[in-house]
Every structure is written in structure tokens, then in C-alpha cells.
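Results of the structural survey
Here's the letter readout for the chains.
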Amino acid sequence: MSYYTRREPTAEDQNASTNLDQDLHLSRDGKYKKSEKELKDWIYKTLHVSSERRKEFDDHNQDLLDILKDGEFLCRLGDLALPGGPTKKYKNSRMPFVQMENISFFLQTCEHIGVPHEETFQTVDLFERNDPYQVIITLISFSRKANERNPEIEVIGPKFVKVKPQVPKKPLKLRA
């Protein structure tokens, strides 16, 4: 007699058409699509992008990652937050390694102004579209930190609450 009667469930048993990795990817992709327009508008507003240039991006159906891929807008944002920082080395080029270098200048600026490491994307997340939602997270966190340095930069996304938690009173019998 066997005490082990449980068998491993199969895909048919679970009626699952995707695995956990695919589910997570779909979830993050959905969050990216939901936040993309707000971020594009924030970038255009913050950098005072002309309506002609906006129309040019929209006519070519470029999404947020396409717009940020060359690093120009990222470096311009970095200059607003940290004038004279790493983003001042920005180069306008169509060569991939130069564009990736521009992205890394922005990431260095994020590090200098205090964007947490866990909220920062890696260059390939943007350049090769590995994790588009991580780019969104970085830009939201960047907006918070940049606003601390330059109040003209609007904060996007959820706001931090700076309220001290209430400390409970010491019970009477423990007071001295």
C-alpha cells in the first residue's frame, strides 16, 4: 500500500495556457501600456517639446521606448535635475553604442540624485525592450528625486506620504 497518492497536476488539470513567467510578463506589459501615455505627456511638458515634434513622434507611431531609445530626452531630463552632471556628455548619434552610452549617462545621474538601485532599469531594459515597465518605474522615481532638487520638475505617479507614525504611549505600570 502506498501512502503517496498525490500526483503532479498537468496543464490540462489546471486549465492553464501560460506559465508564471508569461503571466508576470503580461502583467508588467499591461502596467506599461497603462502608464505610457502619462509618461510621454510628462516628458513633453517637462522638456517643453514643441507640438510639431510631438506630432512627428505620433505620426510614426512611436511608443515611449522608441522616443527614449537614443537617450536624448533622458539626458535632457538629467540636465534639469543635475546640471553639469554625467548627462552633459550627451552625444547625438544613430550608432547603437553611443545611444546606449547616453542611456548610461542618465542612469548615472539617477544614482547621483538618489534614485534607489532597485527602482533603476538597466540599459538593455530600454534599448532591447527587455523590461519596459522598469523604465516607467525609474522615470517615476526620477521625477520624485528631481523634484526635490528642482521644484519646476513635476512629480508623476504615486506620491510619498511624509507623515511620522504615531508612537504609542507607554503603559502606566512601565513608566518610571
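Presented here is a report on the structure given in the accompanying data block. (Residues numbered from 1 in each chain as written. Predicted model: local features only at pLDDT ≥ 70, side-chain atom pairs only at ≥ 80, totals over all residues. Heavy atoms only, no water.)

1. Digging into helix 5 (residues 72–81)
With 7 of 10 residues buried, helix 5 lies mostly within the body of the structure. Taken residue by residue, helix 5 has Glu72, Phe73, Leu74, Cys75, Leu77, Gly78 and Ala81 as its buried positions. In this fold, the buried residues of helix 5 make contact with helix 2 (20–47), helix 3 (51–59), helix 4 (64–68), helix 6 (96–113), helix 7 (123–127) and helix 8 (132–149). (Buried < 20%, exposed > 50% of the residue type's maximum accessible area, 1.4 Å probe, protein only. Helix = DSSP H or I, 4+ residues; strand = E, 2+ residues; numbered from the N terminus. Contact = heavy atoms within 4.5 Å.)

2. Considering unusual backbone geometry
In this model, histidine 48 sits at a positive phi of 55°, which is unusual for a non-glycine residue. Mapping histidine 48 onto the fold places it in the loop between helix 2 and helix 3. A positive phi angle, near 50°, is found at asparagine 61, a position not held by glycine. Tracing the sequence through the fold places asparagine 61 in the loop between helix 3 and helix 4.

3. Digging into the packing of aromatic side chains
The final tally for this structure, using the stated rule, is 4 aromatic pairs. With centroids separated by 6.5 Å and ring planes inclined at 20°, the aromatic side chains of phenylalanine 106 and phenylalanine 121 adopt a geometry described as stacked. Taken together, the residues span a long stretch of sequence, with phenylalanine 106 in helix 6 and phenylalanine 121 in the loop between helix 6 and helix 7 at a distance of 15 residues. The exposure class assigned to phenylalanine 121 is buried, which follows from its relative accessible area of 2%. An angle of 55° between the planes, with centres 5.0 Å apart, marks the rings of phenylalanine 106 and phenylalanine 142 as tilted. In this pair, phenylalanine 106 is assigned in helix 6 and phenylalanine 142 in helix 8, connecting sequence segments 36 residues apart. The same class applies to phenylalanine 106 and to phenylalanine 142, which are both buried. Grouping aromatic residues by their ring pairs yields a cluster made of Tyr44, Phe57 and Phe73. Over the ring of phenylalanine 127 we find lysine 69, and its NZ or CZ is 4.7 Å from the ring centre. (Phe/Tyr/Trp six-rings, centres within 6.5 Å; stacked < 30°, edge-to-face > 60°. Lys NZ or Arg CZ within 6 Å of the ring centre and 35° of its normal.)

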